[in-house]
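Residues per chain, in single letters:
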Amino acid sequence: MRRMTSQTPSTAGPNRARPQVRPTPEGWKQPMGPDGRPQLQFAQKPRVSQPPVHLADLTLAERQEKLKGMGLQGFRAKQLSVHYFQHFTTDPAKMTDLPAAQREELAEAMFPTLLTEVKRLVTDNGDTIKFLWRLFDGSLVESVLMRYPGRVTLCVSSQCGCGMNCPFCATGQNGLTRNMSAAEILDQIVQANRVIAEGGLKGSGRDGVHDAERVTNIVFMGMGEPLANYKRVMSAVHRMIDEAPEGLGMSARGITVSTVGLVPAINKLADEDIPITFALSLHAPDDELRDDLIPVNSRWKADEAIDAAYNYYRKTGRRVSIEYALIKDMNDHPWRAALLAKKLNARGRGWVHVNPIPLNPTPGSIWTSSEPEVMQEFLDILNDAGVPTTLRDTRGKEIDGACGQLAAAE
Ligand code: SF4
């Protein structure tokens, strides 16, 4: 792996003794735009082929219409929806409430294959499963299933690749191929539910009483920038919370949509009137660093992103999460913790929660985790300033922490 470390002493803040590592990609070259800055790609490549329409792309009424249009009985849409959203099956042999002669035809009309499992890696004593899926066009995406006491969380992907070009991210290296369809997003959940139902998610901490037997929480923190695929992500969110047989009947409060800071889309999300959780991946409170760490910062600055997050809180009353990956000597300086606290408190109290997350320890890389005492100091500064801050756990770390690494390795 090529190292492109550039370390210069920090000139800002009281912590002059600590080095300042600059964000640069290691082992790959960041595509640059005509302005000499990392290229941003908000739209998918032209004329890219789209996945086939699946039952989960449609409302119940549209499913009925589609079947009728094919000369089939519209009312069968409800039965098919129950099989998919409640029994997690697309196998016609299991649909014994449908006439035997029509099962194949109905299933074929509504359930084109969207996700084919390529790899399944189990870790954390069976509490975590990382899936690698191949889509209809050969694109590879990942999802991670995690059991916690009383809940099961699935981290889903929302795009094939990503156009945000973050220098630390394997997913962003080849740009954005295409947006995932609503059904491709949802099928990650349905397939995970099927694995749980078949006993595939063991979990060492199960007590047999409080164990969730289906996915209860969704985090949009897999591959892609969810707000760059706004329409399909929102239609997937609707289908997650719609009651069966329209959708999965999940609680909106268990769904977290995260973004690197697409401000107009955050404001749009605030107007949706759905009580989902919003998370801003900030990773630096100062533009000087964030311009390089999160290239979209060249479009919307850290303060604009924080303003939009605060606006989300004001409109929805839902407390916002700030995600902050702690990277050794890059963004973990005490003065940055103090600046972050100052910026958050300047907007108000009680509206935000900070979730620092340590990177994997990667010796020799600039992208490595902060020292434990540095992390603790960072947390203490925020908590002491009255900003609730808790270190997030790093599930799936052994198999590889960052999104997109598995797909990149393939
Ligand atoms: S970190 Fe997220 S937004 Fe940035 S390139 Fe990777 S997937 Fe995209």
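Residues numbered from 1 in each chain as written. Predicted model: local features only at pLDDT ≥ 70, side-chain atom pairs only at ≥ 80, totals over all residues.

Chemist: Is there a simple way to explain the nonpolar core in this structure?
Modeler: Of all hydrophobic cores here, the largest spans 105 residues; its most connected members are L186, I189, I218, M240 and A309. Shared between two domains, this core holds at least three residues of each, these being domain 1 (55-110) and domain 2 (114-409). Apart from residues lying up to four places away in sequence, I189 is in contact with L154, V156, V215, I218, M240 and L248. (Core = buried A, V, L, I, M, F, W, Y, C linked by C-beta atoms within 7 Å. Buried ≥ 20, exposed ≤ 12 C-beta atoms within 10 Å, placed from the backbone. Domains from an automatic or database assignment. Contact = placed C-beta atoms within 7 Å.)

Chemist: What should I look at first to understand the site of the ligand in this one?
Modeler: Of all residues adjacent to the ligand, which total eleven residues, the nearest are C162, M164, C166, C169 and G172. Residues that form the shell around the ligand fall into these classes: seven nonpolar, three polar and one charged. (Near = placed C-beta within 6 Å. Nonpolar A, V, L, I, M, F, W, Y, C, P; charged D, E, K, R; others polar.)

Chemist: Explain the sheet that holds strand β9 (residues 217-220) to me, please; I cannot follow it from the model alone.
Modeler: Each strand in a sheet pairs with another by means of backbone hydrogen bonds, the pair being arranged parallel or else antiparallel. Taken in spatial order, the nine strands line up as β3-β4-β5-β6-β9-β10-β11-β12-β13 in an open sheet, and their pairing is mixed. For this open sheet the edge positions go to β3 (116-123) and β13 (352-358), each flanked by a neighbour on one side alone. Between one strand axis and the next, the sheet turns through 20 degrees on average, direction left out of account. (Pairing = 2+ DSSP bridges. Helix = DSSP H or I, 4+ residues; strand = E, 2+ residues; numbered from the N terminus. Axes fitted to C-alpha atoms, helices over the stretch in contact; angles between N-to-C directions.)

Chemist: Whenever I open this one, helix α2 (residues 76-85) confuses me. Can you help?
Modeler: Residues spaced three or four apart along an α-helix face the same direction, because each turn holds 3.6 residues. For α2, the buried fraction is high: seven of the ten residues fall into the buried class. Along α2, the positions that sit buried rather than exposed are R76, A77, L80, S81, H83, Y84 and F85. Buried residues in α2 make contact with α1 (60-69), α3 (100-110) and α4 (182-197).

Chemist: Looking at this model, I keep getting lost on the domain arrangement of the chain. Mind explaining?
Modeler: By a frequent convention, interface size equals the accessible area lost on bringing the separate parts together. When its domains are assigned, the chain resolves into domain 1 (55-110) and domain 2 (114-409). Relative to domain 2, the C-alpha centre of domain 1 lies at a distance of 33 Å. Taken together, the contact pairs eleven residues of domain 1 with 15 residues of domain 2. Element by element, the count of residues in the side of domain 1 that touches domain 2 is highest for α2, at five residues.

Chemist: For this particular structure, what's the right way to read the packing of α1 against α2?
Modeler: Helices that pack against each other are described as a pair by the angle of their axes relative to one another and the distance between those axes. At a minimum axis separation of 8 Å, α1 and α2 run at an interaxial angle of 120 degrees. On the basis of their axis angle, the class for α1 and α2 is oblique. Relative to α2, the crossing made by α1 is right-handed. For the pair α1 and α2, contact is made by L60, R63, Q64 and L67 and by R76, A77, K78 and S81, respectively. Residues of the contact of α1 with α2, tallied by class, amount to three nonpolar, two polar and three charged. (Parallel < 35°, antiparallel > 145°, perpendicular 65-115°, else oblique. Left-handed = near helix turned anticlockwise from the far one by under 90°.)

Chemist: Could you clarify how one ought to interpret helix α8 (residues 302-316) in this entry?
Modeler: An ideal rise of 1.5 Å per residue puts 21 Å on 15 residues; α8 measures up with 21 Å between its terminal C-alpha atoms. Within α8, the full set of buried residues consists of A302, A305, I306, A308, A309, Y310 and Y312. In the core, the buried residues of α8 are packed alongside α6 (263-270), β11 (277-281), α7 (287-293), β12 (320-326) and α9 (334-347). Phi turns positive, to about 75 degrees, at G317, one or two residues after α8. (Expected span 1.5 Å × (residues − 1).)

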